[in-house]
Amino acid sequence: MSTDKPKVATASLAGCFGCHMSILDIDDRILQLIDLVDFDKSPVDDIKEFTGRCAVGLIEGGCCNEENVRVLQDFRKHCDVLISLGECAICGGIPAMRNNVPLKECFDEAYRNGPSVHNPSGEYPSDPEIPLLLNKVYPCHEVVKMDYHLQGCPPPADTIWAALTALLTDKPVELPYELIKYD
Amino acid sequence: MMSDRITFTIDGVEVQADPGQTILQAADAAGVYIPRLCAHKELNPFGACRICTVMVNGRPQAACTTPAANGMIIENETEELTDNRRSIVEMLFVEGNHYCMYCEKSGNCELQAMAYRLSIMVPRHPYQFPDKDIDGSHPDIMIDRNRCILCARCVRASRDLDDKNVFQFVGRGKEKKVWINSEAKLSDTDMDVTDKATDICPVGAIIKKRTGYEIPIGQRAYDHKPIGSDIEEAKATAESN
Ligand code: SF4
Ligand code: SF4
Ligand code: FES
């Protein structure tokens, strides 16, 4: 029925879902958005795999593990325009605070020495289901090419709206001063 | 005396200066904003950040340290200079650890405001995530070197305005850092919270304890107006009168 509408896909990598909350924060404009686009792979509709080519991909969070990298590469493959949404996607954000702590120390703190840890065997979790951590958290554009970056923690709904409507109507993304904020 | 006045142009607009004024000072007085980070009205010019670089008769010069001279042809807002400024600001971001989302200075920070003014959406240089330290020893003041941009405002303010010499740089290149005049801790210096050096940091590297997040979002210095608008508006007001 709606096959001619462009598709939008979203993913949350090493983020807190705050940016996704901000997508929902466009309030009733979400109805206009649904007139403009169909959502493809996204936590918003719980579609797990791409069903086809997408016009726009929104990425929240940077890459902290191998699965994040795979998802990001998959998005790059399927999306015409890929957007880093928010500080964590752009600069690693809060998860990147571990970047100047050696990985072993992070593991020890999380699974051995942390004040609330009970782990008598001292083993690190090693289930094959758990994605391997990367040596550090990478901003998305240091892993694949990103076409746009929407700043903010999270980016305000107005920023997301302005960028999405511009892109979907083939207009340049021009954000006014008040919509470029790093906090 | 009229004959003492110096006349030159910035981006084709005629600007007057008094003898001894730098290009930056004359531009400020004329309502032309030249972006800057290390320059400060109360401090002697230092020339650390190079954001204020303009073309003087075709050659790059720091506007904050170069005296104005008759007949200078100065370019300020060219595509190339703006991109150079962006690149410097981007380097300052990737060479520190700037987590604006929880920084006490956010909204009032001159580095962040410069990035906003220049519409920086992402740095072109890779993030370094350097290892920097924090000094929280002083009862009222904290140093967070993750955010220091080595502008030397604190160094100059403490020495020249407070008569104290609390700060100095140590190391070179990427090891360079702002240090204090004691073995290790700010609490061992004679730094006082009322010192000029406490308030003069353009970023969140020297902050007063227990004052963070006092100003609500929406009312902070650069929430609505770009850095430099005060200088530009002074000119606009003068012209409409
Ligand atoms: S000092 Fe400025 S740029 Fe750095 S984190 Fe704080 S607000 Fe952001
Ligand atoms: S602490 Fe602040 S004032 Fe001092 S050099 Fe660093 S950024 Fe400049
Ligand atoms: S303002 Fe001129 S070098 Fe920093």
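What counts, and at which threshold
Residues numbered from 1 in each chain as written. Chains lettered and ligands numbered in written order. Predicted model: local features only at pLDDT ≥ 70, side-chain atom pairs only at ≥ 80, totals over all residues. Heavy atoms only, no water. Pairing = 2+ DSSP bridges. Helix = DSSP H or I, 4+ residues; strand = E, 2+ residues; numbered from the N terminus. Buried < 20%, exposed > 50% of the residue type's maximum accessible area, 1.4 Å probe, protein only. pLDDT = per-residue confidence, 0-100. Near = heavy atom within 4 Å. Nonpolar A, V, L, I, M, F, W, Y, C, P; charged D, E, K, R; others polar. Axes fitted to C-alpha atoms, helices over the stretch in contact; angles between N-to-C directions. Parallel < 35°, antiparallel > 145°, perpendicular 65-115°, else oblique. Left-handed = near helix turned anticlockwise from the far one by under 90°. Contact = heavy atoms within 4.5 Å. Buried area = accessible area lost by both parts, 1.4 Å probe. Salt bridge = Lys/Arg side-chain N within 4 Å of Asp/Glu carboxyl O. Polar contact = N/O pair within 3.5 Å; in protein donor to acceptor, adjacent residues only side chain to side chain. Domains from an automatic or database assignment.

**Observations concerning the sheet that holds strand β6 (residues 134–135) of chain B**
Strand order in the open sheet formed by three strands is β6-β7-β10 (chain B), and the pairing between neighbours is antiparallel. The open sheet terminates on both sides in strands that have one partner only, identified here as β6 and β10 (206–208) of chain B.

**Re unusual backbone geometry**
Here the bond from C153 of chain A into P154 of chain A is cis, since omega is -5°, no more than 30 degrees from zero. As for its placement among the helices and strands, P154 of chain A is situated in the loop between β7 (148–150) and α6 (157–168). Phi angles above zero are rare outside glycine, and F129 of chain B is one such case at about 45°. You can see F129 of chain B is positioned in the loop between α3 (110–117) and β6. Judged by relative accessible area, which is 8%, F129 of chain B ranks as buried.

**Structural notes on the confidence of the model for chain B**
For chain B, mean pLDDT is 95; residues scoring 70 or higher make up 98% of the total. Across the assembled chains, the prediction reports ipTM 0.94 with pTM 0.96.

**So, the site of ligand 2**
Taken together, C148, I149, L150, C151, A152, R153, C154, C201, P202, V203, A205 and I206 of chain B are the residues near ligand 2. The residue inventory of the shell around ligand 2, partitioned by class, reads 11 nonpolar, no polar and one charged.

**Considerations on the site of ligand 1**
Close contacts around ligand 1 come from F93, H98, Y99, C100, C103, S106, C109, L111, Q112, R147, V203 and G204 of chain B, and that covers them all. Here the residues of the shell around ligand 1 are counted per class, giving seven nonpolar, four polar and one charged.

**Describing the packing of helix α2 (residues 79–95) of chain B against α3 of chain B**
Residues and elements named next belong to chain B. Axis separation between α2 and α3 bottoms out at 10 Å; the angle between their running directions is 135°. Here α3 runs oblique to α2, going by the angle between their axes. Both α2 and α3 take part in a crossing whose hand is left-handed. For the pair α2 and α3, the contacting residues are V89, L92 and F93 in the first and L111, Q112, M114 and A115 in the second. Residue classes in the contact of α2 with α3 are distributed as six nonpolar, one polar and no charged.

**Re the interface of chain B and chain A**
Every contact between the two is made by 29 residues of chain B and, on the other side, 25 residues of chain A. Regarding the contact of chain B and chain A, the summed buried area is about 2300 Å², with carbon and sulfur atoms giving 62% of it. Linking chain B with chain A are one salt bridge, by the criterion used here. For R220 of chain B, the salt bridge is made with D183 of chain A, and the minimal N-O distance between the two is 2.8 Å. Our count for the contact surface shared by chain B and chain A stands at 14 residue pairs in polar contact (both at pLDDT 80 or more). Broken down by element, the side of chain B that touches chain A gets its largest block of residues, four residues, from α3 of chain B. Considered class by class, the residues forming the side of chain B that touches chain A number 18 nonpolar, six polar and five charged.

**Looking at the domain arrangement of chain B**
Residues and elements named next belong to chain B. Assigned domains within chain B: domain 1 (6–77) and domain 2 (85–208). Each of domain 1 and domain 2 has a C-alpha centre, and the two are 25 Å apart. Every contact between the two is made by 22 residues of domain 1 and, on the other side, 20 residues of domain 2. In this structure, the connection of domain 1 to domain 2 is made through two salt bridges. With its nearest N and O atoms 3.7 Å apart, the salt bridge here joins R117 to E77. In this structure, the connection of domain 1 to domain 2 is made through eight residue pairs in polar contact (both at pLDDT 80 or more).

**Thoughts on the pattern of salt bridges**
Residue and element names in this part refer to chain B. Taken as a whole and assessed by the stated rule, the structure comprises 29 salt bridges over all chains. One salt bridge connects R36 with D28, and the closest N-O pair in it is separated by 2.7 Å. Assigned by exposure class, R36 and D28 land together as buried.

**Re the sheet that holds strand β1 (residues 7–12) of chain A**
Residues and elements named next belong to chain A. Taken together, five strands build an open sheet; the order of strands is β2-β1-β3-β5-β7 and the sheet is parallel. Each edge of the open sheet is held by one strand with a lone partner, namely β2 (38–39) and β7. Two elements, β1 and strand β3 (residues 54–60), share five bridges in a ladder whose sense is parallel. Counterpart to S12 in the pairing with β3 is E60.

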